[in-house]
Amino acid sequence: MRVTLLGTGDTTGTPTVGCDCDTCTEAREREISRSRFSVHVENERTGESLLIDFSPDFRQQFLDNDVPLPDVGIVTHIHFDHLDGLGNAYRLFDALPVNAPNEVDPATDESVAETIRRKYDYLEDRVGVQARTPLEPFETCGLEVQFVPVDHPPLLCYGVVVEDPETGAKLSLTGDSSYDIPAESRDALRNPDLLLADAIVPASSCEHHPLGGRHHGPDGVPRTFGSKHMTREGALALADDLDADRTRLVHVAHFYPADEAFQEPLAVDGERYDL
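Residues numbered from 1 in each chain as written. Predicted model: local features only at pLDDT ≥ 70, side-chain atom pairs only at ≥ 80, totals over all residues. Heavy atoms only, no water.

Describe in detail helix 1 (residues 22-30), supporting the description with residues and values.
Among the residues of helix 1, those classed as buried are T23, C24 and A27. Each buried residue of helix 1 lies within a common arc of 95° when the element is viewed along its axis, so the set occupies one face. Within helix 1, the exposed residues directed more than 90 degrees away from the buried face are D22 and E29. Remark: E31 follows helix 1 within two positions and exhibits a positive phi of approximately 55°. (Buried < 20%, exposed > 50% of the residue type's maximum accessible area, 1.4 Å probe, protein only. Helix = DSSP H or I, 4+ residues; strand = E, 2+ residues; numbered from the N terminus. Arc of directions from axis to C-beta.)

Describe the pattern of salt bridges, and please don't skip the residues or the numbers.
Taken as a whole, this structure holds 14 salt bridges when the rule is applied. Across the pair R2 and E44 runs a salt bridge whose closest N-O atoms are separated by 3.7 Å. You can see R2 sitting in strand 1 (residues 2-7) and its partner E44 sitting in the loop between strand 2 (38-43) and strand 3 (48-52), a full 42 residues away along the chain. On the basis of relative accessibility, which here comes to 23%, the residue R2 falls in the partly exposed class. Exposure remark for E44: the relative accessible area of 44% places this residue in the partly exposed category. (Salt bridge = Lys/Arg side-chain N within 4 Å of Asp/Glu carboxyl O.)

Now, about the pairing of strand 6 (residues 127-132): what can you tell me, with residues and values included?
Here is the key point about a regular strand: its side chains alternate between the two faces of the sheet. Strand direction decides the pairing type here: strand 5 (residues 96-101) and strand 6, joined by 6 bridges, are parallel. Residue pairing for strand 6: N99 is matched across the bridge by Q130. (Pairing = 2+ DSSP bridges.)

An account of the nonpolar core is needed here, citing residue identities and associated values.
I52, L86 and I116 are the most contacted members of the largest nonpolar core, which has 47 residues in total. Look past the residues within four positions of L86 in its chain and what remains in contact with it is F54, L96, V98, I116, Y120, L123 and V127. (Core = buried A, V, L, I, M, F, W, Y, C linked by side-chain atoms within 4.5 Å. Contact = heavy atoms within 4.5 Å.)

Can you tell me about the packing of aromatic side chains, naming the residues and giving the values?
Under the criterion given, the structure shown has 5 aromatic pairs. Three or more aromatic residues joined by ring pairs make a cluster, and in this case those are F54, F58 and F62. Between the NZ or CZ atom of R132 and the centre of the ring of F138, over which it lies, the distance is 4.2 Å. Directly above the aromatic system of Y179 lies the positively charged group of R186, at a separation of 4.6 Å from the ring centroid. (Phe/Tyr/Trp six-rings, centres within 6.5 Å; stacked < 30°, edge-to-face > 60°. Lys NZ or Arg CZ within 6 Å of the ring centre and 35° of its normal.)

Structural measurements only, silent on function.
Below, the structure is given as structure tokens:
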């Protein structure tokens, strides 16, 4: 199972358009990109691949990386930086199955699957939405996949687990989430060969958020920035709890100080892992 990180940034990416902060400036000078979030997973055994989340940067991500167009799509939630790249299915695919959770969100009165059907009704001849029950594994591309509920208020949001039944390789992805991931979901995410964890900012940034930080660790350091995303420290604490073999921090914002923004284990676009 080959995992390629196509997009490792948050909703504005790094460098951010129109921003001349030290971090964005250094990213430009070093030609480093963190585009909006997307992960490509290839089953080299079957020659099939799936795409987790459809970044608005879809076109450039596929031009920049030597990966095939996906056979199947996976969507974790309906925020634009994870979904709006699906419009690229127009003229690129004859048929693209897209898997999404079937749980109705009280905030929208729709499931993620229903929102995709409604929003992309003009693609109904190309995109077939398949509604999936969270925590119930399904097979696609020769792999076993499941959605796991996480905490990203006010919307329902899901992490993803991808396992190769032949080799036992396991990828766990938190999706956009605070540190308050339910125990049942943690159990599903546990013991991955590779964990991709939301780590939007360092914990020190919580002092600049109107809500501050939440889910403080024993050392008093916040593990959640505001209410929606983990801090770097929270993501690393989660990695320890899940006993991850390897961890890459994703959904990273340009609010990291420049001297920290490109240090391990913060990911950048184009990283590739064979599990």
